[in-house]
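Summary of structural features
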Amino acid sequence: MPGKRPRNVTDIPSAKRERKAITLDVKLEVLRRFEVGEKLSQVAKALGLAVSTVATIRDNKEKIKASSQIATPLRASRLTRHRSAVMETMERLLRVWLEDQSQRNVPLSVTVIQEKAKSLFDDLQREQGESSQTAKFSASKGWFVRFKERHCLPHFKMSSTAPGKEDVYPEILKSIIQEGEYTPQQVFNVDETGLYWKRMPERTFISVEEKAEPGFKSSKDRLMLLLGGNAAGDFKLKPLLVYHSENPKALEGYSKPNLPVIWRSNKKAWATRSIFHEWFTYFFCPAIEKYCAQNNLTNKALLILDNAPCHPVNLSDLSDNVRVEYLHDSTADSIQPMGQGVASTFKAHYLRRTFEHILEATDGDDTAEIREFWRKYSIMDAVDNIAIAWEELRPAAVNSAWKNIWPECVHSQSVSQTDSIAQLQQNIVTLAKSVALGEVGEADVDQLLQSHEEGLSNEELVQLEQEPAGEEEDGEEAAPALRQLTTRELSAAFSHFEAGLQVLTSNSPDDAWNLKVSRAINDAISCYRDLYSEKEWCSKQLS
């Protein structure tokens with residue numbers, strides 16, 4: 001029988017791994033994270049623990065909680081600060097609400113934030129049932145200070161306005177315009193605005209029936225638009241649309257570069273700095289260059305923006321021909337042109353166009369037919385109606401919006417934005433009477449138009465929290481290959497088209513056929529040529 005293998009002198013017994021003690025505080029933190037919905041791997045990574053250790057703590061949940069009840073007085077004082085799942089959820093939703101308010105550059109105060117926090121907490125408690133009713137929350141100033149520290153909140157716009165400041169900026173702007181020798185055709189303003197694209201006045205049967213139905217309400221589906229134009233009013237920029245989905249089913253078969261809007265997506269339908277940066281570089285600057293060339297103007301422009309978080313501060317560095325100036329927080333609401341009735345007038349045009357669309361598609365009297373039309377009314381229909389409504393906005397209406405910031409450029413004092421909206425509301429009411437939707441008055445229309453400017457409700461915040469993290473849920477297909485085409489692939493495709501046309505031209509018995517086919521093919525692939533030109537331009541800018 002062979003003996004034992006002789007021990008090598010180099011074999012050294014390995015030292016035992018030192019056992020790491022885990023305090024009660026850490027164990028309770030693990031359990032707290034599980035209660036708010038974090039996954040096993042996320043908890044382990046966040047706390048620097050082994051996955052098996054975290055799993056063991058989770059499995060011994062009841063024992064650990066029992067131990068916490070008999071902890072030392074010092075330890076117990078720390079445990080009383082353990083925050084409930086309702087509190088954790090409330091603070092997450094409150095942060096989303098604050099981000100939404102900041103996106104829209106809405107002024108806030110500590111009192112407003114405290115009231116929103118208390119409202120959210122109460123609503124979440126009611127949803128949880130009696131088990132969570134024992135916890136009390138007063139949204140104190142101490143809580144607010146700790147909330148800011150926990151979430152590292154950025155600076156948000158406060159609602160204090162120094163008297164007289166709104167009178168200063170027009171003079172500052174006038175000196176900038178004189179220094180740069182800008183004409184009204186070369187001075188621009190853009191601003192973001194929200195639109196509930198599938199919302200009807202509250203007293204229509206469509207709204208009444210939707211409220212009674214369970215589940216997602218299409219009237220709460222919101223998109224964001226970036227609208228803008230020049231002070232002369234003769235050049236309105238192509239709208240930028242940000243939706244929460246990149247590829248909704250309604251867009252299947254459509255080429256996004258050929259849409260009447262610039263389509264971009266963000267989970268919360270917000271404009272981000274990267275989206276705005278891309279818009280400025282690849283859409284705004286080229287559009288200005290083309291417009292100036294067509295109107296025999298020097299290729300230069302002045303762009304006026306507010307201080308919304310989505311507006312990068314270094315935009316002037318990205319173009320030699322565009323100067324960017326930012327409004328003061330205290331004056332933006334009262335003098336920014338797009339906020340002086342342009343956005344609200346556009347939304348009135350959109351609502352009127354929506355009623356016209358219903359009348360065109362139905363006989364106006366059959367409620368079943370109207371109900372079916374509205375069920376099928378898609379985001380693509382909304383895109384078309386947005387484009388029509390933006391086109392219907394008169395140049396004089398855009399020009400008159402500059403009266404508070406640059407009164408010298410307003411050439412049509414007879415146009416009043418308020419009168420314009422009032423006339424549109426009357427038109428909408430008249431159209432509503434032609435459609436069997438129910439009682440609709442001017443007050444109902446005004447309420448609907450005002451609702452577009454409201455912040456996210458508690459219900460909408462909860463809905464955002466429950467949405468899946470992925471962008472392509474609910475059966476949506478992946479992005480079409482069009483977005484992946486390179487200039488090399490496009491160039492090769494154009495060569496194949498040209499080679500094919502050459503074969504037909506060389507052997508065709510009829511010259512008329514050649515001309516007809518050549519025109520048809522070139523028209524069909526024009527969207528790809530536009531895409532190629534855009535990519536070539538971007539490549540040159542980056543190089």
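Scope of this entry: the structure provided in the associated data block. Small disclaimer: the values here were computed from a predicted structure and weren't measured. (Residues numbered from 1 in each chain as written. Predicted model: local features only at pLDDT ≥ 70, side-chain atom pairs only at ≥ 80, totals over all residues. Heavy atoms only, no water.)

1. With respect to the side chain of Glu325
Here Glu325 is to be found in strand E6 (residues 322-326). Among the residues examined, Glu325 registers a relative accessible area of 19% and is labelled buried. The contact partners of Glu325, leaving out residues within four places of it in the chain, are Tyr169, Ile176, Leu302, Leu303, Ile304 and Leu305. (Helix = DSSP H or I, 4+ residues; strand = E, 2+ residues; numbered from the N terminus. Buried < 20%, exposed > 50% of the residue type's maximum accessible area, 1.4 Å probe, protein only. Contact = heavy atoms within 4.5 Å.)

2. A look at the environment of Ala50
Along the chain, the position of Ala50 falls in the loop between helix H2 (40-47) and helix H3 (51-59). For the pair Ala50 and Leu40, spaced ten residues apart in sequence, the C-alpha separation works out to 10.0 Å.

3. Considerations on the pattern of salt bridges
All told, the structure shown has 21 salt bridges when counted by the stated rule. Glu29 is the salt-bridge partner of Arg33, the closest N and O atoms lying 3.0 Å from each other. In this pair, Arg33 and Glu29 both sit in helix H1 (residues 24-35), four residues apart, roughly one turn of the helix. A residue is classified by how much of its surface remains accessible, and Arg33, at 17% relative accessible area, is buried. A residue is classified by how much of its surface remains accessible, and Glu29, at 22% relative accessible area, is partly exposed. The salt bridge partner of Arg264 is Glu278, with a shortest N-O separation of 2.9 Å. Linking Arg264 in strand E4 (residues 262-265) with Glu278 in helix H11 (residues 273-294), this pair joins segments that are 14 residues apart in sequence. (Salt bridge = Lys/Arg side-chain N within 4 Å of Asp/Glu carboxyl O.)

4. Here's the deal with the sheet that holds strand E5 (residues 301-305)
If you walk across this open sheet you meet the six strands as E4-E3-E2-E1-E5-E6, and the pairing is mixed. Whereas interior strands pair on both sides, the edge strands pair on one side only; in this sheet they are E4 and E6. Going from strand to strand, the sheet's axes swing by 25° on average, the running direction of each strand aside. Sheet contacts for helix H9 (residues 169-180): strand E1 (187-196), E5 and E6; angle to E6, the most-contacted strand, approximately 170°. Against the sheet, helix H15 (residues 379-392) contacts E1, strand E2 (222-230), strand E3 (240-243) and E4, and its axis sits at roughly 20° relative to E2. (Pairing = 2+ DSSP bridges. Axes fitted to C-alpha atoms, helices over the stretch in contact; angles between N-to-C directions.)

Nothing here speaks to function; it is geometry throughout.
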